[in-house]
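# Observations on the model geometry
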Amino acid sequence: MLSKTIQDALNEQIKNEMFSSYLYLSMSAYCAESSLPGFASWMRVQSGEEQTHAMKFFSYILERNSHVELQALVKPQSKFKSPMELFKHVLDHEKKVTGMINALYELAVKEKDYPTQIMLEWFITEQLEEEKTAGEIIQLLTMVGENGPALLMLDRQLAARAAK
Ligand code: MG
């Protein structure tokens, strides 16, 4: 069984991952409404991946014969100014999530919970990737600037992202 402290922290992280999923779904709607179907599709895939992250925590808690208690989600932001603002928000959000994962790891070390440390290693690697990807898209958007045709090309490129 998990300690109460770890159990509570992992339940909290299910909520955080579900909130990420919800936020990216909201961003997907914004992109679709802004006539950027490729961006919308990318965000929808991203939203689905966040749900799988939540499910990893969900399954892990049960695997440790402990109690899953789902938390309430808050309303995600629904209005954005531009694709650039959107991806800056993504990067900021992922940095926050990295901080949460690191804090969970520290807690698992403090509690001497070795299996939880091992489980969290996957997330530490995943967060590196999430921040790298968001940073790369911001770079591309910086190059695109106010160039409409270049934005459409980037939209096509993002449409190619398939669900893992
Ligand atoms: Mg995640």
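Since we're looking at a predicted model, the values are computed, not measured.

## A few points about a nonpolar patch on the surface
- Judged by side-chain polarity, Tyr 22, Leu 25 and Leu 73 come together as a nonpolar surface patch covering roughly 260 Å² of accessible area.
- Along the chain, the position of Tyr 22 falls in helix 1 (residues 4–33).

## Section: the side chain of Asp 155
- With respect to the helices and strands, Asp 155 occurs in helix 5 (residues 148–159).
- Of the buried charged residues, Asp 155 lacks a salt bridge, with Arg 156 as the closest side chain of opposite charge at 6.6 Å.
- Residues contacting Asp 155, with those up to four places away along its chain left out, are Leu 36, Pro 37, Gly 38 and Phe 39.

## Here we look at the coordination of the magnesium ion
- The protein atoms donating to the magnesium ion are Glu 17 (OE), Glu 50 (OE) and His 53 (ND1), with metal-donor distances spanning 2.1 to 2.2 Å.
- Taken in chain order, the donor set of the magnesium ion reads E-x32-E-x2-H. Within this pair, whereas Glu 17 is found in helix 1, its partner His 53 is found in helix 2 (residues 37–63), the two being separated by 36 residues in sequence.
- We classify Glu 17 as buried; its relative accessible area is 0%.

## Thoughts on the packing of helix 2 against helix 5
- At their nearest, the axes of helix 2 and helix 5 sit 7 Å apart, and the two run at 35° to each other. Between helix 2 and helix 5 lies a crossing whose hand is left-handed. In this structure, helix 2 uses Pro 37, Gly 38, Phe 39, Ser 41 and Trp 42 to contact helix 5, whose residues at the interface are Leu 151, Leu 154, Asp 155, Leu 158 and Ala 159.
- Of the residues contributing to the contact of helix 2 with helix 5, the split by class is seven nonpolar, two polar and one charged.

## Some thoughts on the environment of Lys 95
- Assignment of secondary structure puts Lys 95 in helix 3 (residues 83–110).
- On the accessibility criterion, Lys 95 (45% relative accessible area) is partly exposed.
- Between the C-alpha atoms of Lys 95 and Phe 57, which are 38 residues apart in sequence, the distance is 19 Å.

## Let's talk about the environment of Ile 118
- Note on placement: Ile 118 falls in helix 4 (residues 114–144).
- Look at Ile 118 and you get exposed, because its relative accessible area is 58%.
- Measuring from C-alpha to C-alpha, the distance between Ile 118 and Val 68 comes to 20 Å, with 50 residues separating the pair along the chain.

## Comments concerning unusual backbone geometry
- Here the phi dihedral of Ser 35 falls at roughly 60°; this positive angle occurs in a residue that is not glycine.
- Tracing the backbone through its elements, the reader meets Ser 35 in the loop between helix 1 and helix 2.
- We classify Ser 35 as exposed; its relative accessible area is 56%.
- Positive phi, close to 55°, is recorded for Asn 65, a residue that is not glycine.
- Its location among the elements puts Asn 65 in the loop between helix 2 and helix 3.

About the thresholds
- Residues numbered from 1 in each chain as written.
- Predicted model: local features only at pLDDT ≥ 70, side-chain atom pairs only at ≥ 80, totals over all residues.
- Heavy atoms only, no water.
- Patch = residues over 30% accessible without salt bridge, like charges linked within 9 Å, V, L, I, M, F, W, Y side chains within 5 Å.
- Areas by Shrake-Rupley, 256 points an atom, 1.4 Å probe, with all protein chains shown as cover.
- Salt bridge = Lys/Arg side-chain N within 4 Å of Asp/Glu carboxyl O.
- Helix = DSSP H or I, 4+ residues; strand = E, 2+ residues; numbered from the N terminus.
- Buried < 20%, exposed > 50% of the residue type's maximum accessible area, 1.4 Å probe, protein only.
- Lys, Arg positive; Asp, Glu negative; His and termini not counted.
- Contact = heavy atoms within 4.5 Å.
- Donors = N, O, S within 2.8 Å, 3.2 Å for Na, K, Ca; no water.
- Axes fitted to C-alpha atoms, helices over the stretch in contact; angles between N-to-C directions.
- Left-handed = near helix turned anticlockwise from the far one by under 90°.
- Nonpolar A, V, L, I, M, F, W, Y, C, P; charged D, E, K, R; others polar.

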